[in-house]
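# Architecture and fold: a report
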Amino acid sequence: MNRILVTGARGQLGSDLVMALRHRFGATRVIESGRSAPSENSFLYEVLDVTDHNRLQAVVDQYQIDTIYHLASLLSARGEHNPDQCWHININGLRNVLEIARSHHIKVFFPSSIAVFGPHTPKLDTPQITVEDPSTMYGVTKVTGELLCHYYADRWGVDVRSLRLPGIISYSAPPGGGTTDFAIEMLKAAINHRTYTCFVRPETRLPMMYMPDAIAAILMLMQADPATITIRSSYNVAAVSFSAAELATEIQNHLPDFKCDYQPDFRQAIADSWPSVIDDARARADWGWKPTYDLPAIVKDMVSKLSPTPYPLLHPEAQPCSPPPLQLSNPF
Ligand code: AKB
């Protein structure tokens, strides 16, 4: 019986994942959690800091949780501004989840990231098993997280499953301080202002995925027969790869007066350290992964969803089309 806890449920991925899980398993089977206070129309929401082991255990006991989607995490750009907090939340939070999973026989989903890769990783067709030399604290925590997942699966038999997610593009909730955020920012700015100053160079090409594909991948992985899961660290998954300039051109097919200029900031170095195209053959072979959305399909859907009344409010605090811009100075 599914009794599901989602940590970091109010983030970009969590907002859509909670809706998908509730649709699939029933609204009362999915408990949202996060550090912020509940809003007026919160439904089955618990205030939970994942670094607080006792509180996590209390929530798990209260709802007899058997599956945790552990999304609470600081992303790459924000993590560089507070590496200590990034380590604390990303590692100590995961360790608490895995410990409780071990003692309570809980199944776990852990989102890893293309940020596990670094300057010495092959940039094209990045293999499943390759050099992982991240240049951000976020990447360091994701490599460590993958190792922890593998260890808990191998040593304690915890059913933990993970994906190395690329940049996720979506319209329901704003992204939370990542390097791939330029894609969503550009789409929103194009629709609202017809102009955007991009924080990476035009030729910067990164792996990306539309939210429906990301949700599909997570649900497929979590429902796969355990016998088919051969990777317990984290699976490479890919959908599309495009450069900032290619995205701008695709947007211009819908909004011909859109203009994009480029002023790279410290996030350029992070983007440059990541691969451009990921090889996800193992995920395709093991549990049948196959994406649906290419770049034209993503842009077409985003433009139609964001115009003219953008961002359906999943949560009152999710601001339509205007998340506060990430005001980050160069931390390096
Ligand atoms: C980020 O840019 O930090 C994230 C990621 C690729 O993990 N979107």
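The shown structure was predicted, so the numbers you read here are calculated from the model rather than taken from an experiment.

Phi at His-105 takes a positive value of approximately 55°, unusual for a residue other than glycine. With respect to the element layout, His-105 can be found in the loop between helix H4 (83–104) and strand S5 (107–113). Phi at Asp-125 takes a positive value of approximately 50°, unusual for a residue other than glycine. Here Asp-125 is to be found in the loop between S5 and helix H5 (137–156).

Take the side chain of Ser-33 next. As for its position among the elements, Ser-33 is in strand S2 (residues 30–34). Exposure remark for Ser-33: the relative accessible area of 1% places this residue in the buried category. The contacts of Ser-33, once residues within four sequence positions are left out, are Leu-5, Val-6, Thr-7, Gly-8, Ala-9, Tyr-45, Glu-46 and Leu-48.

Through backbone hydrogen bonds, the strands of a sheet pair up, either in parallel or in antiparallel fashion. Strand order in this open sheet of three strands is S7-S9-S11, and the pairing throughout is mixed. At either margin of the open sheet sits one strand with a lone partner, and together these are strand S7 (167–169) and strand S11 (240–243). Neighbour to neighbour, the strand axes of the sheet diverge by 45° on average, direction disregarded. One ladder, built from three bridges, connects S7 with strand S9 (residues 205–210); its direction is parallel. Bridge pairing in S9 places Gly-167 opposite Met-208.

With that settled, consider the site of the ligand. Lining the immediate environment of the ligand, one finds Leu-75, Ser-76, Ser-113, Ile-114, Tyr-138, Gly-178, Thr-179, Thr-180 and Trp-274. Separating an oxygen atom of the ligand from a side-chain N or O atom of Ser-76 is a distance of 2.5 Å. Tyr-138 places a polar side-chain atom, nitrogen or oxygen, 2.7 Å from an oxygen atom of the ligand. A total of 260 Å² of accessible area belongs to the ligand in isolation, and the protein chains cover 93% of it. Classifying every residue of the shell around the ligand by side-chain character gives four nonpolar, five polar and no charged.

Viewed as axis vectors pointing N to C, helix H6 (residues 182–193) and helix H11 (residues 295–306) meet at an angle of 50°, and their least axial separation amounts to 10 Å. Looking at the two axes, H6 sits oblique to H11. When the axes of H6 and H11 are compared, the crossing they make is right-handed. Contacts between H6 and H11 involve Leu-187, Lys-188 and Ile-191 on the former and, on the latter, Val-299, Met-302, Val-303 and Leu-306. Looking at the contact of H6 with H11 residue by residue, the class counts come to six nonpolar, no polar and one charged.

The rules behind each value
Residues numbered from 1 in each chain as written. Predicted model: local features only at pLDDT ≥ 70, side-chain atom pairs only at ≥ 80, totals over all residues. Heavy atoms only, no water. Helix = DSSP H or I, 4+ residues; strand = E, 2+ residues; numbered from the N terminus. Buried < 20%, exposed > 50% of the residue type's maximum accessible area, 1.4 Å probe, protein only. Contact = heavy atoms within 4.5 Å. Pairing = 2+ DSSP bridges. Axes fitted to C-alpha atoms, helices over the stretch in contact; angles between N-to-C directions. Near = heavy atom within 4 Å. Polar contact = N/O pair within 3.5 Å; in protein donor to acceptor, adjacent residues only side chain to side chain. Areas by Shrake-Rupley, 256 points an atom, 1.4 Å probe, with all protein chains shown as cover. Nonpolar A, V, L, I, M, F, W, Y, C, P; charged D, E, K, R; others polar. Parallel < 35°, antiparallel > 145°, perpendicular 65-115°, else oblique. Left-handed = near helix turned anticlockwise from the far one by under 90°.

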